Amino acid sequence: MKTITKIGLASALFPLLTALPAHAGLFDNSGSEGGDFFEDVFFGGAFGQSELDGFCGTAGDCNNEDTSWKVYGGYKINDMLDAEVSYTSIGDINRTTDAGTETSEISALAINAVGTYDVNDSVQALGKIGAASWSADNSDNDEDGISLTYGFGAKVRMNENMKIRAEWENISDVKTAGDRESDVTTMSLGIELDTL
């Protein structure tokens, strides 16, 4: 995807999040008079596994996987749409070539629109798309950029305020060591909490 398109995604989603507090009454679905912004706020965290497709290439000794973690928060716009911000530590990867060992440490800050669908009273499916501002601390040259991010998953309600959340996510075209471009995928499991 062209850089202009990636920047356009971020530009389109950022005003959505920054405008929510000012319009909380408009989006309120709690039924209370005047609306309460914080009744529709949620947050969570997760641990998982990350993998970078395209990083290893022909390297004989390569590790393109690591443990990842993320924290996130969001706002329920209505019963089928959330706005969400997340920070993900993707982890450290390395590969050995004739020129030596190349390493990358990667993280990303993402803004997503999240569509949700209630499968039943306990299970909710989700799909998400947005823009990720990623940073790669590489052994040869640090890189950063904005890329398309998307994913899907499910939530299982444990009680009134807590859900178990499982997700698969992708960040496209991250520049790692050796001037390589890789798609970053993560699979994670965590807990999501609704504010009271």
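This text follows the structure it describes.
Below is a summary of the structure that appears in this document. Quantities reported herein were computed from a predicted structural model and do not represent experimental measurements.

Cut-offs and rules
- Residues numbered from 1 in each chain as written.
- Predicted model: local features only at pLDDT ≥ 70, side-chain atom pairs only at ≥ 80, totals over all residues.
- Heavy atoms only, no water.
- Phe/Tyr/Trp six-rings, centres within 6.5 Å; stacked < 30°, edge-to-face > 60°.
- Lys NZ or Arg CZ within 6 Å of the ring centre and 35° of its normal.
- Patch = residues over 30% accessible without salt bridge, like charges linked within 9 Å, V, L, I, M, F, W, Y side chains within 5 Å.
- Areas by Shrake-Rupley, 256 points an atom, 1.4 Å probe, with all protein chains shown as cover.
- Salt bridge = Lys/Arg side-chain N within 4 Å of Asp/Glu carboxyl O.
- Helix = DSSP H or I, 4+ residues; strand = E, 2+ residues; numbered from the N terminus.
- Lys, Arg positive; Asp, Glu negative; His and termini not counted.
- Charge placed at Lys NZ, Arg CZ, Asp CG, Glu CD.
- Pairing = 2+ DSSP bridges.
- Core = buried A, V, L, I, M, F, W, Y, C linked by side-chain atoms within 4.5 Å.
- Buried < 20%, exposed > 50% of the residue type's maximum accessible area, 1.4 Å probe, protein only.
- Contact = heavy atoms within 4.5 Å.
- Disulfide = S-S within 2.5 Å.

Quick look at the packing of aromatic side chains
By convention here, two paired aromatic rings are described through the distance between centres and the angle between planes.
Thinking step 1. Tallied over the entire structure, the rule returns three aromatic pairs.
Thinking step 2. Grouped by ring-pair contacts, the aromatic residues Tyr150, Phe152 and Trp168 constitute a single cluster.
Thinking step 3. Over the ring of Phe55 we find Arg95; its NZ or CZ atom is 5.7 Å from the centre of that ring.
Thinking step 4. Sitting over the face of the ring of Phe42, Lys155 holds its NZ or CZ atom 5.2 Å from the ring centroid.

Considering a nonpolar patch on the surface
Thinking step 1. On the surface, Phe47, Trp69, Val71, Val85, Tyr87 and Leu109 cluster together into a nonpolar patch covering about 550 Å² of accessible area.
Thinking step 2. Mapped onto the nonpolar patch, the elements with two or more residues apiece are strand S3 (65-78) and strand S4 (81-97).
Thinking step 3. Relative to the assigned elements, Val85 resides in strand S4.

Notes on a negative patch on the surface
Thinking step 1. Together, Asp92, Glu105, Asp137, Asp140, Asp142, Asp144, Asp179 and Glu181 give the surface a local cluster of negative charge.
Thinking step 2. Here Glu181 is to be found in strand S9 (residues 180-194).

As for the pairing of strand S8 (residues 162-176)
Thinking step 1. Here strand S7 (residues 143-157) runs beside S8; their pairing, made up of nine bridges, is antiparallel. Bridging across to S8, Ala154 finds its partner in Ala166.
Thinking step 2. Counted along the chain from S7 to the antiparallel partner S8, the turn is four residues long.
Thinking step 3. Examined bridge by bridge, S8 and S9 share 13 bridges and lie antiparallel to one another. Each residue of the ladder has a partner; that of Glu169, found in S9, is Thr186.
Thinking step 4. Taking the residues that link successive antiparallel strands as the turn, the S8-S9 hairpin has three residues, and the phi of Gly178 there is positive, at about 80 degrees.

Observations regarding the nonpolar core
Thinking step 1. Within the largest apolar cluster, 14 residues are counted, with the highest numbers of intra-cluster contacts made by Leu52, Ile90, Ile106, Trp134, Ile171, Val174 and Val184.
Thinking step 2. Put simply, the parts of the chain that give this core at least two residues each are S4, strand S5 (100-118), strand S6 (123-138) and S8.
Thinking step 3. Among all residues touching Trp134, those that are not within four sequence positions of it are Ser107, Ala108, Glu143, Asp144, Gly145, Ile146, Ser147, Ile171, Asp173, Val174 and Lys175.

So, the state of the cysteines
Thinking step 1. Applying the stated rule across the entire model yields one disulfide.
Thinking step 2. The side chain of Cys56 participates in a disulfide bridge whose partner is Cys62; the two sulfur atoms lie 2.0 Å from each other. Because the torsion about its S-S bond is -80 degrees, the bridge between Cys56 and Cys62 counts as left-handed.
Thinking step 3. By relative accessible area, which is 23% here, Cys62 ends up partly exposed.

Some remarks on the pattern of salt bridges
Thinking step 1. Taken as a whole and assessed by the stated rule, the structure comprises 14 salt bridges.
Thinking step 2. A salt bridge links Lys163 to Glu192; the nearest nitrogen and oxygen atoms lie 3.9 Å apart. With Lys163 in strand S8 and Glu192 in strand S9, this pair connects stretches of sequence that are 29 residues apart.
Thinking step 3. A salt bridge links Lys163 to Asp194, with the nearest nitrogen and oxygen atoms 2.9 Å apart. Of the two residues, Lys163 is situated in strand S8 and Asp194 in strand S9; the sequence distance between them amounts to 31 residues.
Thinking step 4. Residues joined in a network through salt bridges with shared partners are Lys70, Lys76, Asp82, Glu84, Lys128, Lys155, Lys163, Arg165, Glu167, Glu169, Glu192 and Asp194.

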